[in-house]
Amino acid sequence: MAEVLTVSALNLYVKSLLDSDFNLSNIALEGELSNFKKYPSGHCYFTLKDSSSQIKGVMFSSYSRNLNFTPDSGMKVIVRGTVSLYERDGAYQIYVTDMFRSGDGAYRIAFERLKNKLESEGLFSKEHKKKKPDYPFKIGIVTSPKGAALHDIISVVERRFPCVEILLSPCAVQGESAPDTIVEAIKRLDAIDDVELIIITRGGGSKEDLWCFNDEKIARRAYRCKKPTISAIGHEIDVSILDFVCDYRAATPTRAAEMALPDIYNLNMQVSGYEKIISNSIKMKIDSGKLKLSELKSSRGFKSFENSLSENSNKLSLLQTSFSNLIKNKIEYCKKDIISYSDKIENLSPMNNLKRGYSLIFDSEKNIIKSGFEKGDSIFVVTADKELDCTVNSVTDRKV
C-alpha cells in the first residue's frame, strides 16, 4: 500500500522537483499578459497565456522597479525567470526577474545573457579599467570613414585641442561583417606604440543597426586592448555590451571627444591663473620679507648689532690707517737700504776704477789677464772710454 502523504508534503516534494530542474531555473517565455495587477508594494501578479494555455506569474518589487515600460493586460511580452510551486495553493507559476515587450524581447534576452556571462568572467571589473592620459597627442578612432561620428569628433578636436593627431582605423559599423572589421580595426590601433587612446564609435541608429556592438568578439578584443578605450555607440539612451567592457563610456561621439581631450581655452585660463598665483605668492613673500627686515632693523638686537658694527668699522678704519702707515714706513726704510747698497755697489764697480785711470787687459778670448805676458801677445786694453787692440813688444818684470 502506498505511503499516505499530507497535502503539504506533496506540494513540498513537487516544489523540490521543480526547483532542482536546471532547465526551469532560467527560462524565457513569450505570451500575452492577462489580469495584470501591480500592488502598492510594487509586487506584480498576472497570467501569461498563449492561444491554448496559461501560467500564473509573479514579479516582486525588487525586479519590477527595473522595468523600462508599463506592463498591462493584453500586452505581448517575453519574461525570464524560474518556474516553481506556490505551496499554499498547490499551483505552479513562474517567478519573473525580467520582462520585455515582445518586439525587443529576443534582443534583450541575448543581451542580458552575454552581459551576465562576461560580467561573471570579470570583463567589467573596475580593477581592469585603464586611466586615460590627461593630454594625449595621438588618438585612434575606430569607426566608419563615412559616418557622422568621425565628423563630430573632428569638429570637437579643432575646437578643443587642435594639436592632437587623429588616426582613423576604418571599419564597418553595422551588418554581419561589422564585428570582424571592428575587431581588426581595434587590433591595428593597439599595435601602434604612440597611439595613446582609442575611441570606438558610431552615430545613432536602430537597435538592429547598433546590435553589432553587442558581439562577444568585439567585447573580448576591447578587454585585451593595451591602450585605454572609450566607447561611444549611438545616443544617450543606447547601451551596448562594449560600453561595459571599455575603460570609459560616452553617451555620444561628441561627448567621447570631449572626454578624451582637454579644453585648450581652459588650459590657457589655468596657466594664466597659475601665473597670477605665482606672481602674488612672490609678491607676498617679498612684502613679508620687507616687513620682517623692517621689524628686524627696529629691534633692540639689530640696534646693538648695528652699534657694534659701527664700532668695529671704526676700529677697522684705524687698523687700515695704521697698517698703511706701517707699509709706507717700511717702504721708505727699504728705499734707503737700496740707495746705500747701490752706492756700495757703485764704489766697487770696475768702471769706477777705470774712471780713476785704471784699465783692464783681456786676451784674445776676452779673458782678463793679470800676469803672464809674453812678447808678441795680442791683448785688448779697456780704459774708461776706449778699447785698445795692442801687441806686446817687450816684457819687463817689476818689483812690487
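Higher on the page you've got the structure.
The structure reproduced in this document is the subject of the present report.

Criteria and thresholds
- Residues numbered from 1 in each chain as written.
- Predicted model: local features only at pLDDT ≥ 70, side-chain atom pairs only at ≥ 80, totals over all residues.
- Heavy atoms only, no water.
- Core = buried A, V, L, I, M, F, W, Y, C linked by side-chain atoms within 4.5 Å.
- Buried < 20%, exposed > 50% of the residue type's maximum accessible area, 1.4 Å probe, protein only.
- Helix = DSSP H or I, 4+ residues; strand = E, 2+ residues; numbered from the N terminus.
- Pairing = 2+ DSSP bridges.
- Axes fitted to C-alpha atoms, helices over the stretch in contact; angles between N-to-C directions.

This part is about the nonpolar core. Proteins that are soluble and globular tend to have nonpolar side chains buried together. Counting residues in each nonpolar core, the largest one holds 29 residues, and the members touching the most others are V142, I182, I200, F213 and L242. When contributions to this core are tallied by element, the ones reaching two or more residues are α3 (102-120), α5 (178-190), β8 (197-202), α7 (216-224) and α8 (241-245). If you look at the next biggest cluster of nonpolar residues, it comprises 19 residues, including V157, F161, I230 and M259.

So, on to the sheet that holds strand β5 (residues 91-101). Read around the closed barrel, the five strands follow the order β1-β2-β3-β5-β4; overall the barrel is mixed. The mean angle between the axes of side-by-side strands here comes to 55°, regardless of whether they run parallel or antiparallel.

What follows deals with the environment of K126. Along the chain, K126 falls in the loop between α3 and β6 (138-143). Sequence-wise, K126 and D247 are 121 residues apart; in three dimensions their C-alpha atoms are separated by 8.4 Å.

Our next topic: the sheet that holds strand β9 (residues 229-233). Here we have five strands laid out as an open sheet, ordered β7-β6-β8-β9-β10, and parallel in their pairing. In this open sheet, the two strands that pair with only one neighbour each are β7 (165-170) and β10 (248-249).

Counting buried positions along strand β4 (residues 76-86) gives eight out of eleven residues, so the element sits mostly inside the fold. Across six bridges, the pairing between strand β1 (residues 27-38) and β4 is antiparallel. Bridge pairing in β4 links I27 to G81. Summarising the sheet, β4 and β5 pair through ten bridges and their orientation is antiparallel. Along β5, the bridge assignment pairs I78 with F100. In textbook terms, the turn of a hairpin is the stretch between consecutive antiparallel strands, and for β4 and β5 this stretch comprises four residues, one of which, G90, has a positive phi near 70°.

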